[in-house]
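Coordinates in review
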Amino acid sequence: MKQNVIEIIQKALESLNTVWGANLPDIEVEVPRDETMGDLATAVAMRLTKVLKKSPRKIAEEITGKINEQQPDFFEKIEIAGAGFINFRFKKDFFHKSLGMLLEEGHLSLRTDIGKGQKIQVEFVSANPTGPLHIGHGRGAAVGNALCNILKAAGFDVQREFYINDAGLQVKLLGRSVFARYQQLLGNDVPFPEDGYKGDYIEFIAQEINNSEGNKYLNRTFEECGEFLTDYAYKMMLADIEKDLKDFGVVFDRWQSERELHMQGKVESAIKDLKSRDLIYEKDGAVWFSSSRFEDDKDRVVKKQDGEYTYFASDICYHKDKLDRGFDTIIDIWGADHHGYIPRVRSVLEAFDLPGDKFKVVLIQMVSLLRHGQPVQMSKRAGAFITLREVIDEVGPDITKFIFLTRKADSHLDFDIDIAKEQSAENPVFYVQYAFARISSLFRQAEEKGVMSQESRVSGRGVSQYAPDLSALIEDEEISLIKKFLQYPMVFEGAALACEPHRITYYLQELAGIFHAYYYKHRIISDDNRLTPARLGLCKGVKIVLEEGLKILGVSAPERM
């Protein structure tokens, strides 16, 4: 629908004025909140007021006049509303033909190639390998995975990356925590680090080391055996993280080690590159990056007085490494507490000549886990938080992912375990998946009754063998359903451009709601040989869109429930 309207407006503008030459202004089209205002609307006339030096309503009248001269056969009515909005209402025949095209082309008709093969890197989760993943990491994983799916479907060449923070003090603290538990396990009562990592997993790692190495390191100092214990513990935690993510349906193309960047000399090289650009200076015995020359509010230390590189120095190197690998756009998905870090990283990328609009950050807000409406107690295994593993073991990966995606990423999310396990309309995942399963059941019934020999007769390329008379679909609820799933490409494109997967989750819930209401009001399979195939075709259209949306979110579409 959107493309039809945009092309018509473009032709009208071309014939109206030559101010813009070959560069026509961007035309934004949206679905009005009030259905009485039409199927699609545009405010393009208001955007052209300064250029054409006319009132928006006058411009809208001229645009609609030029559109009417083209005599498009798919509009029922074109109206001007308010100060200059142009509202478009389509004919029922247009909706019938559009449904037929969806049944003919299937999933491919729902995607828009806006990426054109551009290389884009999405870094997400990147949790410290010092403990199990918590539910905040899980939300970041769900958002990152869905966003990558969207971008790939939109024609981008996408790489999914996990950055391993394995060179800082936190990993050393993990080693000290395991060292203390290992010594205590073998009877040497060494003190546990005051700020050490607690939780059963530390003791489990210590026991694994004991099983593997015995008392080899008993009564040794941390300086003597700390490197081995730290390396063993962090690699064990990293394997645990990778398994949890894989079981959650999230697989990365690349795992980049911070430690490796240091060992390869890339951190030092990146700082030298900035120095060659006159962006590095020394003060008070430390080395500084002139980040305030860009978007940051002050300059940042990259090398401390003791000669140690800061964590920020590693970030400078890592983001330069991303650029060196040839990505056109870089997307980082961080916890909301990293909001203040955005200007300094953006400063780094601008220093290395990446345009500001080619770096995007998606912030992930906290998740509160509830049971019976009350906060869930902390995890014994993790010591201070609820693990992702605990949640997916209880409610499953599909439900967990979908609920994580029900709100905008930077909005706080309440995750109620009890609602997640319900098989009712209160459970958004069940509501959407059940719509898909219900349609699958309809086709099984149709086959049993001999109405359809196989579902493919109203799906995919097989429609040419069996073309239902879709003009039989005249009920308001039927047209509303067609309108809704024809909006999917607009929702998909918006989600890709804004990096907001939750838009698809919202949309699927709305589509499922319209379908369920239609199903309860109208009989799909009847003795009417003209209406039944048409309604089955309508249901198949809904099914195609539901399956596409769920696939994008990384959620299954069950045939039976």
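The paragraphs below set out a description of the structure included in this document. Small disclaimer: the values here were computed from a predicted structure and weren't measured.

This part covers the pattern of salt bridges. Across all of its chains, the model carries 38 salt bridges by this definition. Here Lys243 and Asp247 are joined by a salt bridge, their closest N and O atoms 2.8 Å apart. On the criterion of helical spacing, the pair formed by Lys243 and Asp247 is a turn pair, its members being four residues apart in helix H9 (residues 222-247). The closest approach of N and O atoms between Asp353 and Arg277, which form a salt bridge, is 3.1 Å. Residue Asp353 is located in the loop between helix H13 (342-351) and strand S12 (359-364), and its partner Arg277 is located in the loop between helix H11 (266-276) and strand S8 (280-283); the two are separated by 76 residues in the primary sequence. Given the relative accessible area of 32%, Arg277 is considered partly exposed.

Let us look at helix H19 (residues 488-498). Of all the 11 residues making up H19, eight are buried; the element is thus mostly covered by neighbouring parts of the structure. Along H19, the residues that are buried comprise Tyr488, Met490, Val491, Phe492, Glu493, Gly494, Ala495 and Ala496. Of the residues one or two after H19, Cys499 is the one with positive phi, at around 55°.

Right, let's talk about the sheet that holds strand S9 (residues 286-289) for a bit. Taken in spatial order, the three strands of this open sheet run S8-S9-S10, and their pairing is antiparallel. With partners counted over all chains shown, the strands left at the sheet margins are S8 and strand S10 (300-303), one partner each. Each neighbouring strand pair of the sheet contributes to a mean axis angle of 45°, computed without reference to strand direction. With four bridges joining them, S8 and S9 adopt antiparallel strand pairing.

What follows covers H9. Counted at 1.5 Å a residue, the expected span for H9 with its 26 residues is 38 Å, and the 35 Å between its end C-alpha atoms agrees. Along H9, the helix axis deviates most sharply at Phe228, where the bend reaches about 25°. Within H9, the full set of buried residues consists of Phe222, Cys225, Gly226, Leu229, Thr230, Ala233, Tyr234, Met237, Leu238, Ile241, Asp244 and Leu245. Of the residues trailing H9, Gly249 is marked for its positive phi of about 85°.

On the basis of which strands lie adjacent, the open sheet formed by four strands has the order S1-S2-S4-S3 and antiparallel pairing. Either end of the sheet is taken by a strand with one partner, and the two such strands are strand S1 (29-30) and strand S3 (75-81). Alignment of S3 against strand S4 (residues 85-90), held across six bridges, turns out to be antiparallel. Residue pairing across strands places Ile80 opposite Ile86, the latter belonging to S4.

What counts and how
Residues numbered from 1 in each chain as written. Predicted model: local features only at pLDDT ≥ 70, side-chain atom pairs only at ≥ 80, totals over all residues. Heavy atoms only, no water. Salt bridge = Lys/Arg side-chain N within 4 Å of Asp/Glu carboxyl O. Helix = DSSP H or I, 4+ residues; strand = E, 2+ residues; numbered from the N terminus. Buried < 20%, exposed > 50% of the residue type's maximum accessible area, 1.4 Å probe, protein only. Pairing = 2+ DSSP bridges. Axes fitted to C-alpha atoms, helices over the stretch in contact; angles between N-to-C directions. Expected span 1.5 Å × (residues − 1). Bend = angle between axes of the 7 residues up to and from the residue.

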